[in-house]
Amino acid sequence: SKAEKFTSLPQLLEQEVLSIELFLKIVFQLYFESDESRRRKVDINIDHAINLMSADVFVRPMIERISTIVLLRYLKMDRDNCSQSQSDDNMYLHYTDSLLLASLLKKFDRERCVRYKSTVIIALNGILSFTEVQLLHNIEWIVPLMSKLILCSDIGVRASVQSVYTNCINPLLLQLTKR
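Cut-offs and rules
- Residues numbered from 1 in each chain as written.
- Predicted model: local features only at pLDDT ≥ 70, side-chain atom pairs only at ≥ 80, totals over all residues.
- Heavy atoms only, no water.
- Helix = DSSP H or I, 4+ residues; strand = E, 2+ residues; numbered from the N terminus.
- Areas by Shrake-Rupley, 256 points an atom, 1.4 Å probe, with all protein chains shown as cover.
- Salt bridge = Lys/Arg side-chain N within 4 Å of Asp/Glu carboxyl O.
- Buried < 20%, exposed > 50% of the residue type's maximum accessible area, 1.4 Å probe, protein only.
- Phe/Tyr/Trp six-rings, centres within 6.5 Å; stacked < 30°, edge-to-face > 60°.
- Core = buried A, V, L, I, M, F, W, Y, C linked by side-chain atoms within 4.5 Å.
- Contact = heavy atoms within 4.5 Å.
- Expected span 1.5 Å × (residues − 1).
- Bend = angle between axes of the 7 residues up to and from the residue.
- Polar contact = N/O pair within 3.5 Å; in protein donor to acceptor, adjacent residues only side chain to side chain.

Participant: Any chance you could break down the overall build of the chain for me, citing the residues and the numbers?
Facilitator: In terms of regular secondary structure, the chain is built from 6 helices and 0 strands. When the accessible area of the chain is evaluated, it comes to approximately 11400 Å², of which 58% is carbon and sulfur surface.

Participant: Account for the pattern of salt bridges, with residues named and values stated.
Facilitator: Summed over the entire model, instances satisfying the criterion amount to 4 salt bridges. Between E16 and R73 there is a salt bridge, with its nearest N and O atoms 3.0 Å apart. Taken together, the residues E16 in helix α2 (residues 9-40) and R73 in helix α3 (residues 46-86) connect sequence positions 57 residues apart. A salt bridge links D80 to K76, with the nearest nitrogen and oxygen atoms 2.7 Å apart. Of the two residues, D80 and K76 are both situated in helix α3; the distance of 4 residues between them amounts to about one turn of the helix. The partly exposed category is assigned to D80, whose relative accessible area is 33%.

Participant: Lay out the packing of aromatic side chains in plain terms, naming residues and giving numbers.
Facilitator: With the rule as written, the count across this model stands at 5 aromatic pairs. Pairing F32 with F130 gives two aromatic rings, centres 6.1 Å apart and planes at 70°, and the pair type is edge-to-face. With F32 in helix α2 and F130 in the loop between α4 (96-128) and α5 (132-149), this residue pair connects regions lying 98 residues apart in the sequence. Accessibility expressed as a relative area gives 8% for F130, which makes it buried. What links up through ring pairs into an aromatic cluster is the set F28, Y31, F32 and F130.

Participant: Please provide a residue-by-residue account of the nonpolar core, values included.
Facilitator: Counting 38 residues, the largest nonpolar core has M146 and L149 as the members making the most contacts within it. Within the residue set of this core, elements represented by two or more residues are α2, α3, α4, α5 and α6 (155-178). When residues in this core are grouped by element, the largest group, 9 residues, is from α3. In this structure M146 touches L71, L124, I127, V161, V164, Y165 and I169, once residues within four positions along its chain are discounted.

Participant: Account for α6, naming residues and giving values.
Facilitator: Between its first and last C-alpha, α6 extends 33 Å over 24 residues, near the 34 Å set by a 1.5 Å rise per residue. In α6, a bend of some 40° at Y165 exceeds every other bend along the element. Every buried residue of α6 is listed here: V157, S160, V161, V164, C168, I169 and L172. With a side-chain oxygen positioned 2.9 Å from the backbone nitrogen of G156, the residue opening α6 is D154.

Participant: Go over α5 with me, naming the residues and quoting the values.
Facilitator: Here α5 contains 18 residues, and its C-alpha end-to-end distance of 22 Å is more than 12% below the 26 Å for a straight helix at 1.5 Å per residue. The largest bend along α5 reaches roughly 70° and is located at I139. Taken together, the buried positions of α5 are occupied by Q134, L135, N138, W141, I142, L145, M146 and L149.

Below, the structure written as structure tokens:
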């Protein structure tokens, strides 16, 4: 039956989430290492300096792209999950297979949203770890995403977004207004 095909999807979901988590951790680490090396002003040769600049030029857009994808995907799942839980299920009552399939899909969608939360937290923690300079370089994409993400249904994600505002965005805005 159609419902049996969906029983293996959570394994794919676990692989997808683990891959995204690992990718986020690596990209943020590369970004922080390139910034740390510049701040230490260690005697470095020209090849190493070029590699650091290349890492920054390469990694910063990658952080923006993957973070934006992860956060927007989570927002869509969260919105869909909330609207599904409030929708009318009567249209599925006509067909037993359709009801079973719809039930499995709803369960999968809820599980997907819960599992993706870890990727969102990793991205938010990465943003929280930005230096002031890194934050300034990325502020134009961070603020719009945070203003959307604060509306999600998960209290843990909202608390993390609040930390980004409290520890990163608000102090930066205060500094800019004092100038």
